[in-house]
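A structural walkthrough
This is what each chain is made of:
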Amino acid sequence: MKTKQNFFSDNPDIDRQFSQKRMNELFAWLSDAEKEALGATNAEDYRKTWIDIMQVVGEYCGTTLESNAQKVAKEDLKLVNGEVVFPKTIQENVRIFKEVGGHAMSIRTEFGGMNAPFLFEASSFEQIYRACPSTALNICWFGSIAAIIDQFGSDELKNEWIPKIANGEISGSMSLTEPDVGSDLAGMRTYGEQQADGTWRIFGNKQFISNGCGEISLVLAHNKKGSNSLRTLNLYLVPRKLNGKNNFEIAKIEEKPGLHGSATCALKFDNSVGYLVGQDGHGFHYMSHLMNEARIGVAFQALGVMEATYRLSKNYAWQRESWGKPIAKHEMIAERLFDMEVELKAFRSLCYRAAHYASLITLGERRLHEKQLPQAKLDEIESKLRYYKKKLREWTPLIKWWGGERSYVFARNAVQIHGGYGFTTEYKPEWWLRESLIISIYEGTSEIQALMCIKDTVKSIMTNPMEFVENTLGSRVMALGEKDWLMRRFLKMRQTFNLAIVSIFFKLLKNKVKGNFSANQPADLLKMLKLIGPELVKFEDLSPALLHAGRVAEMRSIVAMTYAIIKDSESDESLRPIAERFVSRYTPVLNLLKTQIDGDDEYFQEQVLGDSETLAKAANTKG
Ligand SMILES: Cc1cc2nc3c(=O)[nH]c(=O)nc-3n(C[C@H](O)[C@H](O)[C@H](O)COP(=O)(O)OP(=O)(O)OC[C@H]3O[C@@H](n4cnc5c(N)ncnc54)[C@H](O)[C@@H]3O)c2cc1C
């Protein structure tokens, strides 16, 4: 039976993210041509246009996708004579998405797209993932592929491929991972060889490529055989077919616990014709752009899982009774449900803040590039962009990390709240559990996000050490001037995070520098930062920082979400109890994480992390 819901209009928490203030900021950075293409003469019109489009997306998700999701979960795709054959239901989902024009959302109007700010595109990811993760992987992210070609490709590549993505004629893939290399990209073996006509020939194997059957693949590969530096990586656009023949092969499609309707392909490139995107040796930089946006996209997928599993849990808990009342009224279940709601809303506040900044960065960079505005206006844009970029660099690994680690916990909660039924395939929670497992893996695992987070944390401290010292030691003074007790609690939470970083710095310096430092003395803190800054890259033993990277990511995510939900609650009073609960729930978590960072586990340090000699000795003595 077809369901009739609307995943946008049934969720005021999304609508609130498209505040008029945000729309004003976006509208102010549109060019006249962009305004004209949308027919929007003011920021209110602009908002209305996008809200109408969100209604259409929400209806597609709540009707077509929601009705078909369980069929998609059960119909496997097949590889027949080297071609992926998609089941009927996926084909129907994709066809209807194209009919509503969803695939062209973020592409510029010059190429036939709608020029949607990333904020709206990301929101559509959330809604689509809430309905059907498999379909999401078949429709959601081809705009990002077009964006990379648009930003870095030649005019020929742009004109040939982007309009075809915009009109839904073709789709694509992004080929990084190889059978022996995923996280450590420099170690990949695939390479290109330049030909006399300027094209390249690509050789190598790629693994786990989503939609590897798409008509083009953006392939990351070295510019010569045997290289292992990030600086020799190129980005190639490789068409799947040339003159009707395979240009590269689909060697295999993976069987997986979830995402049954998405083709995860092993690809074989053997003398495959490729076109260089941008400049030789800049591939890693270009791919980082694509990956950063994709990581925010994955955080929105996590939001979709969290929304779906929270709703499933809540609905079931109010229908099911035990001891004469709905299980939602039993204290432990009531608390679990409320905490899911609180975490979901705080996470959404941060994710949409990040997507909004990403949208502003795209628009701002276009204006700077065109140089058509007065210099004073360009300077203003440039200065704002610096701030947005800094914040986005900080938040991207955090939301990817949190989404990956926590959406699975939401799905698991849904299983638990459904009791025995949760463990059966007749009910949806076990399916969500399977669907959520991938979020911590693709687009950079949680561990890789944690490493990026600690790197960014250290970099931003070194760029502005005084600010760090003030935030660490001056929080009490700042708190005195702060009227809102919730904001005072936030300052304290930020201080706890900073002190955890100080603790890691002290561990790094241990045995390196004589004398005692006090974490309470500004002069000592500054001296420590001075010692650590230029030396950090030279430290042979970064273990204390690497060991605690996950904890640092968790702490920094909590601090960032606290700020985001408090700020959202300032313009919407109904969020105030949510912000208060978030603060009271997560202050002890921060304290615990800091205590774990402070502690030293000698056995672990010496025996487990120790060198192979120590390990061998330990193994011998334990017989
Ligand atoms: C369904 C699916 C779809 C995918 N889609 C795509 C796609 O479209 N394109 C694409 O290119 N790839 C894709 N991938 C691949 C995915 O991005 C990789 O699997 C992922 O990046 C991890 O790489 P790996 O599997 O080689 O694991 P490894 O890099 O071998 O890592 C294994 C484990 O070790 C940890 N680890 C590695 N290095 C470190 C370190 N320095 N510190 C701490 N821990 C570390 C990792 O976090 C992980 O837990 C997909 C994978 C799946 C399953």
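Residues numbered from 1 in each chain as written. Predicted model: local features only at pLDDT ≥ 70, side-chain atom pairs only at ≥ 80, totals over all residues. Heavy atoms only, no water.

Topic: the overall build of the protein
Across its full length, the protein holds 24 helices and 13 strands. Since a compact globule built from 623 residues should have a radius of gyration of about 25 Å, the 25 Å found for the protein is in line with a globular shape. Taking the principal axes of its C-alpha atoms as reference, the protein extends roughly 70 × 70 × 70 Å. Burial status across the protein gives 54% buried among its 623 residues. If you take every contact in the protein between residues at least 6 apart in sequence, the share linking residues at least 24 apart comes to 75%. Carbon and sulfur atoms make up 52% of the accessible area of the protein, which amounts to about 28700 Å² in all. The average position of the 79 basic charges and that of the 78 acidic charges among the side chains of the protein differ by 3 Å. (Helix = DSSP H or I, 4+ residues; strand = E, 2+ residues; numbered from the N terminus. Rg over C-alpha atoms; globule rule 2.2 N^0.38 Å. Buried < 20%, exposed > 50% of the residue type's maximum accessible area, 1.4 Å probe, protein only. Contact = heavy atoms within 4.5 Å. Areas by Shrake-Rupley, 256 points an atom, 1.4 Å probe, with all protein chains shown as cover. Lys, Arg positive; Asp, Glu negative; His and termini not counted. Charge placed at Lys NZ, Arg CZ, Asp CG, Glu CD.)

Observations regarding the site of the ligand
Near the ligand lie 19 residues; those nearest to it are Thr177, Ser183, Phe208, Thr445 and Glu447. Take Glu447: an N or O atom from its side chain is 2.7 Å from an oxygen atom of the ligand. Of all the elements in the fold, those that place two or more residues in the shell around the ligand are strand 3 (172–175), strand 5 (200–210) and helix 15 (446–463). Per-element accounting of the shell around the ligand gives the leading share, three residues, to strand 5. The residue inventory of the shell around the ligand, partitioned by class, reads nine nonpolar, seven polar and three charged. (Near = heavy atom within 4 Å. Polar contact = N/O pair within 3.5 Å; in protein donor to acceptor, adjacent residues only side chain to side chain. Nonpolar A, V, L, I, M, F, W, Y, C, P; charged D, E, K, R; others polar.)

Details of the nonpolar core
Soluble, globular proteins show a tendency: their nonpolar side chains are buried together. Counting residues in hydrophobic clusters, the biggest one holds 179 residues, and the most contacted among them are Phe18, Val84, Ile149, Leu218, Phe300, Phe347 and Phe505. Of all the elements, helix 11 (residues 331–370) adds the most residues to this core, at 15 residues. Discounting residues that sit within four places of it in the chain, Phe300 has contacts with Ala122, Ser123, Phe125, Glu126, Cys351, Tyr352 and Ala355. Ranked by size, the runner-up nonpolar core spans seven residues in total, among them Ala317, Ile327, Ala328 and Leu337. (Core = buried A, V, L, I, M, F, W, Y, C linked by side-chain atoms within 4.5 Å.)

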